[in-house]
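# Commentary on secondary and tertiary structure
Take a look at the letters that make up each chain.
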Amino acid sequence: MDLSESERSRARPEAPALPVKVLVVDDDRVNLLFLRSLLGKMGYTVVEARDGVEAVQVFGDERPDIVFMDVMMPRMNGYEATRRIKALAGERFVPVIFLTALTDDAALTECIEVGGDDFLTKPFRQAILKSKLVASERIRALYGRVQRQNEELRVLHARRSRDDEIAQRVFADALAANSGVLAGVNSLMQPAAAFNGDLLLAANRPGGGLHLMLGDFTGHGLAAAIWALPVSEVFHAMTAKGFGLNDIVVQINRKLFGLSPKDIFLSACLVALDRSLREAEIWNGGMPDVLIVDGATGRIRTRLASHHLPLGIASEVPGAECLEHIALTRGDRLVMYSDGLIEARNPEGEEFGDGRLCAAIENGPANDAFARIREALETFTGRRPQDDDVSLVDILCEPAVVAAGEQPTDRTAPQQVVKGSAGAGQLWRWSLELHAPALGNVDPVPIAMHQLAELPGLSGRQSELYTVLAELYSNALYHGVLRLDSALKNSAEGFDLYYRVRDERLAALSAGWVRLELELVEPAPRGRLRIRIVDSGEGFDPTPYINAAHGPAVLAGRGIALVRQLCESLDYKARGNAVEAVYVWSA
Amino acid sequence: MTVTSTVSPDHKRVDITITGRFDFSLHKDFRETYRHHPGVGEYRVNLGGAEYIDSSALGMLLLLRDHAESGHGHVVLAGPTPGVRKVLAIANFDKLFRIE
């Protein structure tokens, strides 16, 4: 413990101040002489007063450590003088020992009542006097120790409050900088104390879609909440770059495993809402069930239980590919909460419980479920103070929630002119080829986006570029190499089947490749980027998809039509396994 | 809320018994039960009397597991009540511990 100089001097254990100073108050000169001589021999420094008035004055001037006080004195008696002296002493403990010839009970108890600590009856016995002095010293030492400890505590407490205040500000600023209030997301974050051990993060994806995470760190208070900062950084940075939920889960786990002590971990549930609002990816490690509430009926349609270890426990996330895929309809709601909600207790000690939560949800239209849960919780817990952080999130699956994320405009990037030595039309070229088994495990789209971020004039265009790259790449991988048929996703059974087959084929993939090529043909201000993706598949005939504005709502078809709109041109080459898109922009 | 422990005579097993609330207040005592016994084969944590377990307790179990594994031992969580068993299940601790 590190105290400053001023703090240290206040808390320093005092060496017993020798000689100890005694004030003797008596109107009888003989008594004064006797006591002075006696106490002097015992090693004390003696000062005197002849009556109550003088006593108070001398006390103020000399600040003695112990006072012997006669009772019957002219001008002011010992009782009154003691009252005043005790008031003057304040927090300092100065024992007052009465010297009295009176022996009746009333007189003696009065001594203690006015604030005196002991009494000596006349005639004095030397042995008794000495004993009382020793006892007095012991009590003085005890008082002194208690006072010093109190002072230390006061100092430490003040320091701690100041540190907490600063930490709170840092947190609020850091976390606020990253998240915005999202339309369509209701949230209730109720920490049990100053720092919240629960964490809510939400961010829109570059091409549209939503990532949301509700987490619960072990313990609470600052020791738990402090891990929110690195986790938030990873979540937001990766989402902005277009990484998927899988990759984010792996990275957060790595970060926590590496940084935090073994007994700190993060229970979390993460959700990725697709921009089409037709499906969600969910990962739940250690949190209560994620609930899907049917928008039309208000009933809980699906519950996604925790199937993974919380983050930060295992060195690698086992089964990171095991995201659950859930079919959604517009208007559905996702409800997530931390165990603080379920375990919140009422004054009688009962827990709120899963039953009451589900009743509140299903007790009326889906749109008001959030409000009903809040009310039920408040009514139930009454005035009982919170034991644990309580968090509740309710997401409505509607277009506003999955709008494309805004890209931060980088005003600090210098305007570069890209010059190349290659012939005209080839200013900048970048390509990446992925073969199985890396193919399927590595997502090249965020990597490509990172390269493109270097090109001047493209800020504000990242959302569109991401959409183009992601669509074309996923077609190449899933339809080209894996030969999956998106039409499967149109039916309820087909939906699960599609993902099962997809996971199987990905796991079994031993051959196959996809190559991504980017070529900057013309620089800003009128930029032209050629995107070429080739896969090892058999190719396909895109004609039904390119012109499919309506017809069966095939996900792949809609994607290609969208790319066609965003680009100047879109052509399928070779046997249909190579696609070339030209994207133009003006800065 | 208490922690008690016994060591088998052949030093191959440590039995740790928790009663009451298993939470952060047991931190020091819990650690004391195993700290001075490296190389024990089995650490058996008897949870029958533990009426409540929170996330700090889960963290303490992780530390015990770490200690056990560094000495080539293992941890068994014995006789958890239904409530405690549920908490262990949600945290998927059955992937890390043998639960009996």
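All figures in this text were calculated on a predicted structure; none of them were measured in a lab. (Residues numbered from 1 in each chain as written. Chains lettered and ligands numbered in written order. Predicted model: local features only at pLDDT ≥ 70, side-chain atom pairs only at ≥ 80, totals over all residues. Heavy atoms only, no water.)

In this section: the overall build of chain A. Within chain A one finds 17 helices and 20 strands. Residues classed as buried in chain A amount to 47% of the 587 residues present. (Helix = DSSP H or I, 4+ residues; strand = E, 2+ residues; numbered from the N terminus. Buried < 20%, exposed > 50% of the residue type's maximum accessible area, 1.4 Å probe, protein only.)

Right, let's talk about the overall build of chain B for a bit. Looking only at helices and strands, one finds three helices and five strands in chain B. Reading chain B from its N end, one meets helices and strands in the order β-β-α-β-α-β-α-β. Computed over C-alpha atoms, the radius of gyration of chain B comes to 12 Å, within 12% of the 13 Å expected from 2.2 N^0.38 for 100 residues, which places it in the range of a compact globule. Its C-alpha atoms give chain B principal-axis dimensions of about 35 × 25 × 20 Å. Buried positions account for 46% of the 100 residues belonging to chain B. Pairs at least 24 residues apart make up 66% of the contacts formed inside chain B by residues separated by at least 6 positions. Just so you have it, chain B exposes about 4,900 Å², and 54% of that area is on carbon and sulfur atoms. Once the 12 positive and 12 negative side-chain charges of chain B are each reduced to a mean point, those two points are 3 Å apart. (Rg over C-alpha atoms; globule rule 2.2 N^0.38 Å. Contact = heavy atoms within 4.5 Å. Areas by Shrake-Rupley, 256 points an atom, 1.4 Å probe, with all protein chains shown as cover. Lys, Arg positive; Asp, Glu negative; His and termini not counted. Charge placed at Lys NZ, Arg CZ, Asp CG, Glu CD.)

Turning our attention to the pairing of strand S17 (residues 513-522) of chain A. All names here are of chain A. In terms of residue burial, S17 counts as a mostly covered element, since seven of its ten residues are buried. As judged from the eight bridges shared by S17 and strand S18 (residues 526-535), these two strands associate in the antiparallel manner. Bridge assignment links Glu517 to a residue of S18, and that residue is Arg532. The turn joining S17 and S18, which pair antiparallel and follow one another in sequence, is formed by three residues. (Pairing = 2+ DSSP bridges.)

For the rest of this paragraph, the subject is the sheet that holds strand S3 (residues 42-53) of chain B. Residues and elements named next belong to chain B. A sheet is described by the order of its strands in space; here five strands give the open sequence S1-S2-S3-S4-S5, paired in mixed fashion. Unpaired on one side and paired on the other, strand S1 (2-7) and strand S5 (98-99) mark the two borders of the sheet. Packed on one face of the sheet, helix H1 (residues 27-35) meets S1, strand S2 (13-22) and S3 and runs near 175° to S2. Running over the sheet, helix H3 (residues 82-90) touches S3, strand S4 (74-78) and S5 and is turned about 115° from S3. (Axes fitted to C-alpha atoms, helices over the stretch in contact; angles between N-to-C directions.)

Residues and elements named next belong to chain A. Direction vectors running N to C along helix H13 (residues 444-452) and helix H14 (residues 462-481) enclose 145°, while the axes themselves pass 10 Å from each other. Like other packed secondary-structure pairs, H13 and H14 cross with a definite hand, here right-handed. From H13, Pro444, Val445, Ala448, Met449 and Leu452 reach across to H14, where they touch Gln462, Leu465, Tyr466, Leu469, Ala470 and Tyr473. Counted by class, the contact of H13 with H14 contains ten nonpolar, one polar and no charged residues. (Left-handed = near helix turned anticlockwise from the far one by under 90°. Nonpolar A, V, L, I, M, F, W, Y, C, P; charged D, E, K, R; others polar.)

The subject of this paragraph is the interface of chain B and chain A. Listed by partner, the interface residues are 17 residues for chain B and 17 residues for chain A. Taking both partners together, chain B and chain A bury about 1,200 Å²; carbon and sulfur atoms supply 62% of that area. Three residues, Leu62, Ile90 and Asn92 of chain B, lead the burial of chain B against chain A; their summed loss comes to 31% of the area buried on that side. Linking chain B to chain A there are one salt bridge. (Buried area = accessible area lost by both parts, 1.4 Å probe. Salt bridge = Lys/Arg side-chain N within 4 Å of Asp/Glu carboxyl O.)

Moving on, we come to the confidence of the model for chain B. The pLDDT averaged across chain B works out to 91; a share of 100% of its residues lies at or above 70. Interface scoring of the predicted complex returns ipTM 0.88; its pTM is 0.73. (pLDDT = per-residue confidence, 0-100.)

As a further point, take H1 of chain B. All names here are of chain B. Buried within H1 are the following residues: Phe30, Thr33 and Tyr34. One face of H1 carries all of its buried residues, which in axial projection span an arc of 80°. Its buried side turned inward, H1 meets S1, S2, S3 and helix H2 (55-70). (Arc of directions from axis to C-beta.)

With that out of the way, let us pick up the pairing of strand S2 (residues 45-49) of chain A. It is a general feature of regular strands that their side chains alternate between the two faces of the sheet. All names here are of chain A. Inspection of the sheet shows strand S1 (residues 21-25) paired to S2 by five bridges, in the parallel sense. For Val24, the partnering residue across the bridge sits in S2 and is Glu48. Each parallel crossover has a hand, and the one from S1 via helix H2 (residues 29-41) to S2 is right-handed. (Right-handed = clockwise from strand over helix to strand, strands pointing away.)

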